[in-house]
Amino acid sequence: MATMQYAKLGHSGIEVSKICLGGMSFGRVTEGVGHQWLIDQAGTTAVIKRAVEQGVTFIDTANTYAGGTSEEYIGHALRELGVPREQMVLASKVYFNEGRLSREAINREIDGTLKRLGTDHLDLYIIHRFDYDTPIEETMEALDGLVRAGKVRALGASAMYAYQFHNMQVVAEQNGWTTFTSMQCHYNLLYREDEREMIPVCRQFDVALTPYSPLASGHLTRPTWDAASKRSETDTVMRNKYDADRERDMPIVKRVAEVAERHGVPMAQVALAWHWARGVVAPIVGCSKPERVDDAVAALDVVLTPDEIAYLEDPYVAHELVGPLARPGEKELAGTTDLNKK
């Protein structure tokens, strides 16, 4: 059985497991609203129990996942399991809410998140997207205030343009405010656009990479594109993210299957191993069953050779950006959308 490995979360000094458990699949299903493939409280507790047993210490969620019930389920599970608060690194996000990243919204939303999780502080608070309507100075000063107040230990950001992330870091540095220590970008073998600018900027500022969708919403876990699952049948966000590039991406999927067969492991483990080979600190893995946790942890034992990495990457071609939000009114020019609220 693989042994969990740990690493520092950027310049924060916080130690995290090299697998982050994603909370997007936890929560209460609301018919016709949001994701329909969520797991209930009992299922959430079972997954988190297995994760804790396997040494996972890093859990990521958001204020809007399942209408806030993802945070509630995670908090309930940790209390029910008797997991010491100091053992876990809890991350949540702010943006897809009233007021976006205004000072008022940030101060309101952190209190809601803490209440739902049942804790007095968050280890990592992440801005879910870039807010065009709020001055950077207002956002960064408000976030710094949360750190100074002890409500948050460290700050992170998620999908945006590299210049926006760079500007926010510079503003924080110039004013003596807390800078971001992690970047939750969209990154996997089927989508590598952040290698152009975002990842170099992260290296510049000693920011840890904690990518979402490391398995490309399941497309890197099977040799076929489609699957007979509730998510495949109902997740329009997933289809909008990946289906347009199906023909160009299938050669990569086939190569992942070939490498996995040579190693005698599931495809998902090769896809995850590629992240660590590329310097990712902790890919965010969503698990709907306890055994999925076991599969992810086992991937830590898979070591890819330079030739295998090159073989996996070679068929890649440039993709339209998926993740960063275009400035309102410029969506057509930017080639990006708000399709992904991961």
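Whatever comes next refers back to the structure up there.
Everything numeric in this text was worked out from a predicted model, so none of it was measured. Residues take numbers from 1 onward in each chain, read along the sequence in its written order. It should be noted that, the model being predicted, local features are given only for residues of pLDDT at least 70 and side-chain atom pairs only at 80 or more, the latter also being counted only at that level, while totals for whole chains, interfaces and linings use all residues. Each side-chain value is derived from all of the structure's non-hydrogen atoms; neither hydrogens nor water enter the calculation.

J.: Give a description of the overall build of the chain that names residues and reports values.
T.: A helix here means a DSSP run of H or I that spans at least four residues, while a strand means a run of E at least two residues long, and both kinds are numbered starting from the N terminus. Helix and strand counts for the chain stand at 13 helices and 10 strands. Atoms considered for the radius of gyration are the C-alpha atoms alone. The globule rule reads 2.2 Å times the number of residues to the power 0.38. On C-alpha atoms alone, the chain measures out to a radius of gyration of 19 Å, which is about the 20 Å that the 2.2 N^0.38 rule sets for 342 residues. Once the C-alpha set of the chain is aligned to its principal axes, its extents read approximately 50 × 50 × 40 Å. When accessible area is computed with a 1.4 Å probe and restricted to protein chains, residues below 20% of their type maximum are described as buried, those above 50% as exposed, and intermediate ones as partly exposed. Buried positions account for 58% of the 342 residues belonging to the chain. We get accessible surface area from the Shrake-Rupley algorithm with a probe of 1.4 Å; when it comes to residues, only the shown protein chains can shield them. As displayed, the chain has an accessible area near 14100 Å², and 49% of this comes from carbon and sulfur atoms. Here Asp and Glu are counted as negative and Lys and Arg as positive; His is not counted, and neither are the chain ends. Charged side chains are reduced to one point each, which is NZ for Lys, CZ for Arg, CG for Asp and CD for Glu. Both charge centroids of the chain, one from 37 positive and one from 48 negative side chains, sit 2 Å from each other.

J.: Outline the nonpolar core, supporting the account with residue identities and numerical values.
T.: Counting 94 residues, the largest nonpolar core has Tyr-125 and Phe-165 as the members making the most contacts within it. For this core, the element with the highest residue contribution is helix 10 (residues 267–277), accounting for 8 residues. Any two residues whose heavy atoms approach within 4.5 Å at even a single point are treated as in contact. Setting aside its immediate chain neighbours within four residues, Tyr-125 contacts Ser-92, Lys-93, Val-94, Ile-106, Glu-109, Ile-110, Leu-143, Leu-146, Val-152, Ala-154, Leu-155 and Gly-156. We call a set of buried Ala, Val, Leu, Ile, Met, Phe, Trp, Tyr and Cys residues a nonpolar core when their side-chain atoms join them within 4.5 Å. Counting 14 residues, the second-largest nonpolar core is a separate cluster that includes Cys-20, Phe-58, Ile-126 and Ala-282.

J.: Explain helix 9 (residues 246–263) to me, and be specific about the residues and the numbers.
T.: Turn by turn, an α-helix covers 3.6 residues, leaving residues three or four places apart pointing in a common direction. Helix span, as expected, comes to 1.5 Å for every residue beyond the first. Spanning 18 residues, helix 9 covers 25 Å between terminal C-alpha atoms, matching the ideal 26 Å at 1.5 Å per step. Within the sequence span of helix 9, burial applies to Asp-249, Met-250, Ile-252, Val-253, Val-256, Ala-257, Val-259 and Ala-260. In the core, the buried residues of helix 9 are packed alongside helix 10 and helix 12 (306–313). Gly-264 lies just past helix 9 and shows a positive phi near 70°.

J.: Go over the environment of Arg-103, please, and point to the residues and values.
T.: If you trace the backbone, Arg-103 turns up in helix 3 (residues 103–117). Accessibility expressed as a relative area gives 34% for Arg-103, which makes it partly exposed. Contacts of Arg-103, omitting those with residues within four sequence positions, involve Glu-138, Glu-141 and Ala-142.

J.: Break down the sheet that holds strand 4 (residues 58–60) for me, citing the residues and quoting the values.
T.: At least two DSSP bridges between two strands are required for those strands to pair. A sheet is described by the order of its strands in space; here 8 strands give the open sequence 9-8-7-6-5-4-3-10, paired in parallel fashion. Each edge of the open sheet carries a strand with a single partner, namely strand 9 (208–209) and strand 10 (284–286). The pairing of strand 3 (residues 20–22) with strand 4 spans 3 bridges and is classified as parallel. Within strand 4, the residue paired with Cys-20 across the bridge is Phe-58. A fitted line through C-alpha atoms represents every axis, and for helices the fit uses only the stretch in contact; the resulting angles, taken between N-to-C directions, go from 0 to 180 degrees. Helix 5 (residues 162–175) contacts strand 6 (122–127), strand 7 (152–158) and strand 8 (180–184) of the sheet and is inclined by roughly 165° relative to strand 8.

This is a description of form; function is not addressed.
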